[in-house]
Amino acid sequence: MGGGIAGLSLGLALEQRGIAADVVERLATPSPSGTGLYLPGNATRAIASLGLLDRVRANAVAVRTQKILDHRGWELTETRTGDVWSRCGPCLSLPHARLHAILGAAFGESRVRHDVSVEAIDQSSGRCEVAFTDGRSATYDLVVGADGIHSGVRRIVRPDVNPQYGRQVCWRFITQNITGVAGWTALLGNGSTLLAIPVSGSEVYVYADLTLPPGADPEPYRHACLPELFQKFAAPVSLLLERGHQDEAPVHFGRLGQVVMDDWVQGRVVFIGDAAHAASPNMAQGAALAIEDAAVLADVLAAGQDLDTALASYTRRRQHRIRWVQRQCAARDKMRALPALARAAIFGLFGDKLYRRSYTPLLAPL
């Protein structure tokens, strides 16, 4: 269930191992997302395992540096990504819709059943009887919830698990790269962030987030004027807010949340990607972990073990990495919330070391 990056990656990985799968997507048509993706080296390594790295690289921009600046544009730290990720793969960025299209072409987008959701799942005798919203039903050995942070499958089998939201909201859009931003560039303010990443020869992905006052209603911020809201931020990223506003670029607004589950397996139902472990975007691991999940789950299902053993192996192989990322995301969010002088001192003195510490465990093989 879920025809996004997680679901298409898993469908393709299973097919490559001779395992048949139906992929079902609640949206009527593939979503033309107007957002971008940054893919660290562990993401591109997982993409390479699907045989798609050359295709993705041809449609992406190589990201060789990550810079953190304060809100005035003064550089706090810079990391050369190739020095960290050389054992895994290149760091790339591209529009979300482009990666989705590549995965869809490899798996066969026409094979995805659109405008359909799961209505009920009845587990008995080690199998799942699934009722769909289009009136059909079918019996499966396994159901995979790959349907995102608001997973419908999770609501059915784990209604006690809901996304946890803090006070952060974010805006995301793609616009023309009028400032020539060449790498991953973030500006940190007090309770706010601006980030720009080139995603093509002429376009840049812009991300902005803000921590709201306690008890504030997020909804009025949906249509906020971003140039006014972030007016204290310096060039180059602040200029991109104005350009996006002038171009009326489609802006995606949302609250930042996470999903924490004690077990991703419930009988013959298993969760991958954001449905299992959504986290803060500050480590850019959403797509990376989803594709890794797909590769590992396909491996254990193809290993010839009984299903209980295979699913236990999936959990064991994924648990440490997922827990590490979620803990690191929480720690990085706390660090960003420090007073400006303390934050500048930490990033200025230890920024590169902190980056390496955060990501080094993800260099290990899956």
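None of the values given here were measured: they were computed from a predicted structure.

Novice: In this structure, what is going on with the nonpolar core? I would like to understand it.
Specialist: Note on soluble globular proteins: their nonpolar side chains tend to be buried together. Core analysis: the biggest nonpolar cluster contains 96 residues, and Leu-39, Val-56, Trp-85, Leu-99 and Leu-297 have the highest contact counts within it. With 10 residues, helix H10 (residues 286-301) is the largest single contributor of residues to this core. Other than its neighbours up to four places away in sequence, Trp-85 contacts Pro-40, Gly-41, Asn-42, Cys-91, Tyr-355, Tyr-359, Leu-362 and Leu-363. The next biggest cluster of nonpolar side chains, apart from the first, holds 21 residues, and it includes Leu-187, Leu-226, Phe-230 and Phe-253.

Novice: Got a minute to help me understand helix H11 (residues 307-336) in this structure?
Specialist: For an α-helix, the turn length of 3.6 residues means that residues three or four places apart are oriented alike. Under the 1.5 Å per step criterion, the end-to-end length of H11 is 43 Å for 30 residues, consistent within 8% with the ideal 44 Å. Along its length, H11 reaches its greatest deviation from straightness, about 40 degrees, at Arg-318. With a side-chain oxygen lying 3.2 Å from the backbone nitrogen of Asp-308, the N-terminal cap of H11 falls on Asp-306.

Novice: Before we go on, may I ask you to explain the sheet that holds strand S6 (residues 92-95) in this structure?
Specialist: Strand-to-strand pairing in sheets goes through backbone hydrogen bonds, with the strands running parallel or antiparallel. The strand order S2-S6-S3 describes an open sheet built from three strands, whose pairing is antiparallel. Only two strands of the sheet have a single partner each, and these edge strands are strand S2 (36-39) and strand S3 (61-62). The pairing of S3 with S6 spans two bridges and is antiparallel. Paired with Ala-62 across the two strands is Leu-92, which belongs to S6. Lying on the sheet, helix H5 (residues 96-107) is in contact with S2 and S6; it crosses S6 at an angle near 90 degrees.

Novice: For this particular structure, what's the right way to read the side chain of Thr-35?
Specialist: Among the structural elements, Thr-35 can be located in the loop between strand S1 (24-25) and S2. Not counting residues up to four positions away in its chain, the partners in contact with Thr-35 are Pro-95, His-96, Arg-172, Ile-174, Tyr-205 and His-252.

Novice: Help me understand the state of the cysteines in this model?
Specialist: Simply put, the disulfide is a covalent bond whose two ends are the sulfur atoms of two cysteines. This structure, assessed with the given rule, holds zero disulfides. Free of any disulfide, Cys-91 has its nearest cysteine sulfur in Cys-88, 9.0 Å distant. According to the relative accessible area criterion, Cys-91 is buried, its value standing at 5%.

Novice: How should the pattern of salt bridges be read in this particular structure?
Specialist: Opposite charge on two side chains permits pairing when their charged atoms draw close. This structure, assessed with the given rule, holds 16 salt bridges. For the salt bridge of Asp-308 with Arg-268, the shortest nitrogen-to-oxygen distance reads 2.6 Å. In this pair, Asp-308 is assigned in helix H11 and Arg-268 in the loop between strand S17 (265-266) and strand S18 (269-271), connecting sequence segments 40 residues apart.

Novice: Before we go on, may I ask you to explain the packing of aromatic side chains in this structure?
Specialist: The geometry of an aromatic ring pair comes down to the distance between the two centres and the angle between the two planes. Going through the model one piece at a time under the given rule, you end up with six aromatic pairs. Following the ring pairs from residue to residue traces out a cluster consisting of Trp-171, Phe-230, Phe-233 and Phe-253. Its end group placed over the ring of Trp-74, Arg-72 keeps NZ or CZ at 3.9 Å from the ring centre. For the cation-ring pair, Arg-111 lies above Phe-107, with the distance from its terminal atom to the ring centre recorded as 4.2 Å.

Conventions used here
Sequence order as written defines the numbering, with residues in each chain counted from 1. Whole-chain, interface and lining totals are the exception, using all residues; otherwise, since this is a predicted model, local features are given only for residues with pLDDT of at least 70 and side-chain atom pairs are given and counted only at 80 or more. Neither water nor hydrogens contribute to the side-chain values; these are computed over all heavy atoms in the structure. Residues grouped as a nonpolar core are buried Ala, Val, Leu, Ile, Met, Phe, Trp, Tyr and Cys residues, joined through side-chain atoms within 4.5 Å. For the exposure calls, accessible area comes from a 1.4 Å probe over protein chains only, and a residue counts as buried if that area is under 20% of its type's maximum, exposed if over 50%, partly exposed in between. Counting from the N terminus, the helices are DSSP H or I runs at least four residues long and the strands are E runs at least two residues long. In this analysis, two residues are considered to be in contact whenever any of their non-hydrogen atoms come within 4.5 Å of each other. Here, expected helix span is obtained from the residue count minus one, scaled by 1.5 Å. Fitting axes to the seven residues that end at a residue and to the seven that start at it, the angle between those axes gives the bend at that residue. Polar contacts, as counted here, are pairs of nitrogen or oxygen atoms within 3.5 Å of one another; within protein the pair requires one atom able to donate a hydrogen and one able to accept it, and residues that are adjacent in sequence qualify only if both atoms are side-chain atoms. Pairing between strands is defined by DSSP: at least two bridges between them are needed. An axis is simply a line fitted to the C-alpha atoms; with a helix, the fit covers only the stretch in contact. Between two such axes, the angle follows the N-to-C directions and lies from 0 to 180 degrees. Pairs of cysteine sulfur atoms within 2.5 Å are identified as disulfides in what follows. Salt bridge, as used here: a side-chain nitrogen of Lys or Arg that lies within 4 Å of a carboxyl oxygen of Asp or Glu. Pairing of aromatic side chains here covers Phe, Tyr and the six-membered ring of Trp, requires ring centres within 6.5 Å, and sorts the geometry by plane angle: under 30 degrees stacked, over 60 edge-to-face, intermediate tilted. Whether a charge sits over a ring depends on NZ of Lys or CZ of Arg being within 6 Å of the ring centre and within 35 degrees of the ring normal.

Honestly, that's just the spatial picture; any functional story needs more than this.
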